[in-house]
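# Summary of the model geometry
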Amino acid sequence: MKKVLFICLGNICRSPAAEGIMKSIIHKRHLTDKFHVDSAGMINYHTGESADPRMLKHALERGYKLTHKARQFNPKKDFKEFDYLVTMDDQIYMDVNKLDKDNEYSSKIHKMAKYCSHYNIKEVVDPYDGGPEAFESVLDILEDACGYFLDKIKDES
Ligand code: 4NP
């Protein structure tokens, strides 16, 4: 069982969407017994909340029912427990690396953007202050990245 944790800032827009999309692709490919997928945020401001209503709506329009409740990244547990810590932007990538004080887990920490095959981007930008097109764009990017990410990791030992 491989364990994947998607990490963004609030855990109400990007990472719960990534979690929902990844679970859906895993389900479609009949790999549910091989993966555990979760998401977390760097801040605890939204802890316990469902995803942002705008993200819930845009995701549902594509068939993804997001059920995750926001939680904060827990360095004490999550570094050990998860095999892949996938960060949504450069700031999150740096912050997660900083929390890994002895660089014990560096090889587990990744940037979501590097898994894109159609989009040439460096980061998955936070849609929080954007309009509907920002949420659509995040979903386009995450669908692209999750598909390729799963292809890459499904045969890794
Ligand atoms: P997310 O978006 O990191 O993709 O969940 C955000 C959600 C909330 C906030 C920032 C980003 N916020 O500042 O509350």
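Attention in this report is confined to the structure presented alongside it. (Residues numbered from 1 in each chain as written. Predicted model: local features only at pLDDT ≥ 70, side-chain atom pairs only at ≥ 80, totals over all residues. Heavy atoms only, no water.)

## Comments concerning the overall build of the protein
Broken down by element type, the protein carries five helices and four strands. Shown N-terminal to C-terminal, the secondary structure of the protein runs as helices and strands in the order β-α-β-α-α-β-α-β-α. Rg of the C-alpha trace for the protein: 14 Å, near the compact-globule value of 15 Å for 157 residues, within the 12% margin. The principal-axis extent of the C-alpha atoms belonging to the protein is close to 40 × 35 × 30 Å. Counting every position in the protein, which comprises 157 residues, the buried fraction comes to 48%. (Helix = DSSP H or I, 4+ residues; strand = E, 2+ residues; numbered from the N terminus. Rg over C-alpha atoms; globule rule 2.2 N^0.38 Å. Buried < 20%, exposed > 50% of the residue type's maximum accessible area, 1.4 Å probe, protein only.)

## Section: the pairing of strand 3 (residues 84-87)
Taking every second residue as pointing to the same face, both faces of strand 3 are buried, with Tyr-84 and Val-86 on one and Leu-85 and Thr-87 on the other. Where strand 1 (residues 2-8) meets strand 3, four bridges bridge the pair, whose relative direction is parallel. Bridge pairing in strand 3 places Leu-5 opposite Leu-85. Pairing of strand 3 with strand 4 (residues 109-111) involves three bridges; the strand directions are parallel. Opposite Leu-85, over in strand 4, you have Ile-109 as the bridge partner. Since strand 3 and strand 4 lie parallel, the crossover through helix 4 (residues 90-99) that links them has a hand, and here it is right-handed. (Pairing = 2+ DSSP bridges. Right-handed = clockwise from strand over helix to strand, strands pointing away.)

## Digging into the packing of aromatic side chains
Taken as a whole, this structure holds five aromatic pairs when the rule is applied. Taking the centre distance of 5.3 Å and the plane angle of 85° together, the rings of Phe-73 and Phe-79 count as edge-to-face. The class for Phe-73 is buried, based on a relative accessible area of 6%. For Phe-79, a relative accessible area of 3% translates into the label buried. Seen from their ring centres, Phe-79 and Tyr-105 are 5.2 Å apart, and the 5° between their planes marks the pair as stacked. Of this pair, Phe-79 sits in helix 3 (residues 75-81) while Tyr-105 sits in the loop between helix 4 and strand 4, and the two are 26 residues apart along the sequence. Here the aromatic cluster, defined as three or more aromatic residues joined through ring pairs, consists of Phe-6, Tyr-84, Tyr-115 and Phe-149. Looking at Arg-54, its charged tip hangs above the ring of Tyr-128, at a distance of 5.4 Å from the centre. Lying across the ring of Tyr-93, Lys-111 places its NZ or CZ 4.8 Å from the centre. (Phe/Tyr/Trp six-rings, centres within 6.5 Å; stacked < 30°, edge-to-face > 60°. Lys NZ or Arg CZ within 6 Å of the ring centre and 35° of its normal.)

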